[in-house]
Amino acid sequence: MKKGNEIKDVLKRLKDDNMRKDDYIVPLKSFEVLSTDRYPNLLISERIDSSSGIELKMTDHSIGHLCNKLEIGTSYIRKCLPYPDLVTHNLNHWIENTKNKNLMVRTIDDTARAILSDRYKRIDNDLVANKTLSMLIDMKAELKYCSYNGDQLNLTATLPKLKGEVKEGDLVTGGVTITNCEVGTSSLKVQPFVYRLVCTNGMVVPEYLGTFLAKHVGKKLETPEEDDQGIIVIEKMLDKLKALSDPKVFEDILGDMRYAQSQHVQSTEIVKLAKTNGLSDWERAEIFTRLDKVYGDVFTTDRYELGNAITNLANSDDVTDDRARFLQELGGTVMFWNTPNYARN
């Protein structure tokens, strides 16, 4: 598996970032976009909780959000970026001609990192991390991976009591993986995780096998300070985290992994899989290599071996952490497809 970030560094950055972040509920009609050399600035003339205005830098992400709220093409605005006056003309025109509504603007320092609905449910990474780590310590879990980029958090741990052999000499350990995003990219998720000791592969188990999912959608807010929805969600998340430590859940997963060895896959299906899931030619070739084959060979393998080949590629130094996560999830989907527990869901 990838090394990720040191947990002490992540906790320090979470604490520091939390002091620099603010959220505002503002009417769309209070927006005015101002030209700059690169991304435009966003002037907010009024806030619901204050009479004072604020000027914020925008990012590619927050520009995408604003375009979405105005129901205009993000790709077109991005194409206009070399021409700042054209960007501001388009955005201000549609701000003026779009029905007014309240929005949540999430900031760090003087930058708008997200522009979201006033129903956006805040489940913040510092709360997720601290509550999760506290429970993982109580469960005597071993942290295998940790990452935080300012917006997204990923914690992955194994539970020593969850161990078993898929086949003789092929020992795996069960665990959990927790992901969250503060800027509208993804939900809070808790999923079962499998760590293969023989090659240090990590695999995310598909959603049907015990996933906890909390979308960032809640009640309308007048001021962010009144929002306690995230705390309620965290308590439910911790209940699910505890449930996933049940050996019965792990035995179901282990049974499906054993079953996957009997599910045959043709080489032509692997080529189709790579194309369908947007794998590059290099990634496809590397998967074939991990199956002791080369692209063009005609052969049959099984879903267990194919899933492991995909997740082993996630360990490569040539793969980014985000791409590694994608491959861990894809490997899990491939391995658990059409297994007994899948059929029951």
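Definitions and limits used
- Residues numbered from 1 in each chain as written.
- Predicted model: local features only at pLDDT ≥ 70, side-chain atom pairs only at ≥ 80, totals over all residues.
- Heavy atoms only, no water.
- Axes fitted to C-alpha atoms, helices over the stretch in contact; angles between N-to-C directions.
- Helix = DSSP H or I, 4+ residues; strand = E, 2+ residues; numbered from the N terminus.
- Parallel < 35°, antiparallel > 145°, perpendicular 65-115°, else oblique.
- Left-handed = near helix turned anticlockwise from the far one by under 90°.
- Contact = heavy atoms within 4.5 Å.
- Salt bridge = Lys/Arg side-chain N within 4 Å of Asp/Glu carboxyl O.
- Buried < 20%, exposed > 50% of the residue type's maximum accessible area, 1.4 Å probe, protein only.
- Phe/Tyr/Trp six-rings, centres within 6.5 Å; stacked < 30°, edge-to-face > 60°.
- Lys NZ or Arg CZ within 6 Å of the ring centre and 35° of its normal.
- Patch = residues over 30% accessible without salt bridge, like charges linked within 9 Å, V, L, I, M, F, W, Y side chains within 5 Å.
- Areas by Shrake-Rupley, 256 points an atom, 1.4 Å probe, with all protein chains shown as cover.
- Disulfide = S-S within 2.5 Å.
- Pairing = 2+ DSSP bridges.

*Asks:* Explain the packing of helix α5 (residues 125-138) against helix α6 (residues 229-243) to me, please; I cannot follow it from the model alone.
*Replies:* When two helices pack together, their arrangement is given by the angle between the helix axes and by the axis-to-axis distance. The contact between α5 and α6 brings their axes to 10 Å, and the two run at 30°. As the angle between them shows, α5 and α6 are arranged roughly parallel. Our pair here, α5 against α6, has a crossing hand that is right-handed. Where α5 abuts α6, its residues Leu127, Val128, Lys131, Thr132, Met135 and Leu136 lie against Gly230, Ile231, Ile234, Glu235, Met237, Leu238, Leu241 and Lys242.

*Asks:* What is the right way to read the pattern of salt bridges from this model?
*Replies:* When charged atoms on two side chains of opposite charge get close, those side chains can pair. Taken as a whole, this structure holds 21 salt bridges when the rule is applied. The salt bridge involving lysine 3 is made with glutamate 6; its shortest N-O contact spans 3.9 Å. Its relative accessible area of 67% is what places lysine 3 among the exposed residues. A residue is classified by how much of its surface remains accessible, and glutamate 6, at 39% relative accessible area, is partly exposed.

*Asks:* When you look at the packing of aromatic side chains in this model, what are you seeing that I'm missing?
*Replies:* In this description, an aromatic ring pair is defined by two values, namely the gap between the centres and the angle between the planes. As enumerated under the stated definition, the model contains two aromatic pairs in all. Relative to tyrosine 295, the ring of phenylalanine 288 lies with its centre 5.9 Å away and its plane at 85°, an arrangement referred to as edge-to-face. Look at phenylalanine 288 and phenylalanine 299: their rings are 5.7 Å apart centre to centre, the planes differ by 90°, and that puts the pair in the edge-to-face class. Here the residue phenylalanine 288 occupies a position in helix α9 (residues 281-290), and phenylalanine 299 occupies one in the loop between α9 and β14 (300-302), the gap between them amounting to eleven residues. Each of the two residues, phenylalanine 288 as well as phenylalanine 299, counts as buried. Among the aromatic residues, those joined into a ring-pair cluster are Phe288, Tyr295 and Phe299. Seen from the ring of tyrosine 295, arginine 284 lies directly overhead, with NZ or CZ sitting 3.7 Å from the centre.

*Asks:* How do you make sense of a nonpolar patch on the surface when you look at a structure like this?
*Replies:* A surface patch of nonpolar side chains, amounting to about 320 Å² of accessible area, comprises Tyr76, Tyr83 and Leu86. Following the sequence through the fold, tyrosine 83 ends up in the loop between α3 (74-80) and α4 (84-96). Residue tyrosine 83 is classed as exposed on the basis of its relative accessible area, which comes to 54%.

*Asks:* Even after reading the chapter, I still don't get the state of the cysteines, so can you show me in this structure?
*Replies:* Each disulfide consists of one covalent bond between the sulfur atoms belonging to two cysteines. What the rule picks out here adds up to zero disulfides. Distance from the sulfur of cysteine 67, which forms no disulfide, to the nearest cysteine sulfur (cysteine 80) is 9.5 Å. Note on cysteine 67: relative accessible area 0%, which makes it buried. The structure places no disulfide on cysteine 181, whose sulfur is separated from the nearest cysteine sulfur, that of cysteine 146, by 15 Å. When its relative accessible area of 0% is taken as the criterion, cysteine 181 is described as buried.

*Asks:* How do you make sense of the side chain of arginine 122 when you look at a structure like this?
*Replies:* Relative to the helices and strands, arginine 122 resides in the loop between β6 (111-117) and α5. What makes arginine 122 buried here is its relative accessible area of 18%.

*Asks:* Help me understand the pairing of strand β8 (residues 152-167), please; the structure alone is not making it clear to me.
*Replies:* Taken residue by residue, a regular strand's side chains alternate between the two faces of the sheet. In this sheet, β8 lies alongside strand β7 (residues 142-148) in antiparallel orientation, the contact comprising six bridges. Bridging from a neighbouring strand, glutamate 142 pairs with threonine 158 of β8. In this structure, the hairpin formed by β7 and β8 is closed by a connection of three residues, where glycine 150 is found at a positive phi of approximately 105°. Note that β8 and strand β9 (residues 170-181) share eleven bridges and pair antiparallel. By the bridge assignment for β9, glutamate 165 is matched with leucine 171. Between β8 and β9, which pair antiparallel and follow one another directly, the connecting turn spans two residues, one of which, glycine 169, has a positive phi of 85°.

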